[in-house]
Amino acid sequence: AVTTAKIADDAVTFDKLSGQNYPAFFATMGTSDQTVTDVTLTKVQLSNEVIDTNNSYDPTTNYRFTIPSGGAGKYFIFGSVTGNASSNSTLDIVYCNLYKNGSNQFVSIENFRNNQTKATTAKIHVIMDLSVGDYIELFGLVDVTSGTPSFDAGTTGGTIKSTYFGAYRIGD
């Protein structure tokens, strides 16, 4: 905890914090959508690291966050998958799945089978107890009636992000 003794001149710096919210990471997609196979659970390729306090997120090969030495504890984990159809009124379902150590742990589902749309976002927000060496990954699924499904990088050439993944430690 941050105490008065740790704070001088009302300035809070990284060195004065307890480090409770570290390790932490936040990653987004690049500027291009990720084309996926229809109705197939697929790992989301989040290659744009916004923050990675302990160099524990792999943005190039596995697209996963691995708990580093000294980082065990409870984590707040969040993720968002925006599913996109190439045509209007053809998107049925979007899944956002959180995996831990290769196993599906949580899912969020957006279902538009009775009133198809072009794009929608499924989100996950959970707290998990993670040990050193555990890893978490974001998967998604897009189901369309026709056309090409994708994970949407965002609008305006990908500058406003809609598919992302992050976590930070909240305690022991």
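Thresholds applied
Residues numbered from 1 in each chain as written. Predicted model: local features only at pLDDT ≥ 70, side-chain atom pairs only at ≥ 80, totals over all residues. Heavy atoms only, no water. Core = buried A, V, L, I, M, F, W, Y, C linked by side-chain atoms within 4.5 Å. Buried < 20%, exposed > 50% of the residue type's maximum accessible area, 1.4 Å probe, protein only. Helix = DSSP H or I, 4+ residues; strand = E, 2+ residues; numbered from the N terminus. Contact = heavy atoms within 4.5 Å. Phe/Tyr/Trp six-rings, centres within 6.5 Å; stacked < 30°, edge-to-face > 60°. Pairing = 2+ DSSP bridges. Patch = residues over 30% accessible without salt bridge, like charges linked within 9 Å, V, L, I, M, F, W, Y side chains within 5 Å. Areas by Shrake-Rupley, 256 points an atom, 1.4 Å probe, with all protein chains shown as cover. Salt bridge = Lys/Arg side-chain N within 4 Å of Asp/Glu carboxyl O.

### Here's the deal with the nonpolar core
By size, the foremost hydrophobic cluster in this structure holds 31 residues, and its most contacted members are Phe25, Leu46, Tyr57, Ile77, Leu98, Ile136 and Phe165. Every element with two or more residues in this core is listed here: β1 (24-28), β6 (73-84), β7 (91-100), β9 (119-130), β10 (135-144) and β14 (164-171). The biggest single contributor to this core is β9, with five residues. When residues no more than four places from it in sequence are discounted, the contact partners of Phe25 are Ile51, Asp52, Tyr57, Phe65, Ile136, Phe165, Gly166 and Ala167.

### With respect to the packing of aromatic side chains
The description of an aromatic ring pair uses the distance of the two centres, along with the angle that the planes make with each other. Following the criterion strictly, the structure yields ten aromatic pairs and no others. With 5.6 Å between their ring centres and 45 degrees between their planes, Phe76 and Tyr168 make a pair best called tilted. Pair noted here: Phe76 is in strand β6 and Tyr168 is in strand β14, with a separation of 92 residues, a long-range link. Within the aromatic cluster, the residues linked to one another by ring pairs are Phe25, Tyr57, Phe65, Tyr75 and Phe165.

### Remarks on the environment of Arg169
Counting through the fold element by element, Arg169 comes out in strand β14. Considered as a pair, Arg169 and Phe76 are 93 residues apart in the sequence and their alpha carbons are 6.4 Å apart.

### As for the pairing of β14
Across the eight residues of β14, six count as buried, placing the element largely inside the fold. Strand direction decides the pairing type here: β1 and β14, joined by five bridges, are antiparallel. Along β14, the bridge assignment pairs Phe26 with Gly166. Pairing between β6 and β14: seven bridges, direction antiparallel.

### Details of a nonpolar patch on the surface
A grouping of Ile127, Tyr168 and Ile170 is seen on the molecular surface, where their side chains present a nonpolar patch of about 250 Å² in accessible area. Note that Ile127 resides in strand β9. The exposure class of Ile127 is exposed, given its relative accessible area of 54%.

### Some thoughts on the side chain of Thr120
Locating Thr120 in the fold gives a position in strand β9. Look at Thr120 and you get buried, because its relative accessible area is 13%. In contact with Thr120, not counting residues within four places along its chain, are Val81, Thr82, Gly83, Leu91, Val94, Glu110 and Phe112.

### Side note on unusual backbone geometry
Looking along the chain, the bond that leaves Tyr22 and enters Pro23 is cis, with omega of 5 degrees. With respect to the helices and strands, Pro23 occurs in the segment before β1. Unusually for a residue other than glycine, Val39 sits at a positive phi of about 55 degrees. You can call Val39 partly exposed: its relative accessible area is 47%. For Ser89, which is not glycine, the phi torsion reads 60 degrees and is therefore positive. Looking at the secondary structure, you find Ser89 in the loop between β6 and β7. Look at Ser89 and you get partly exposed, because its relative accessible area is 48%.

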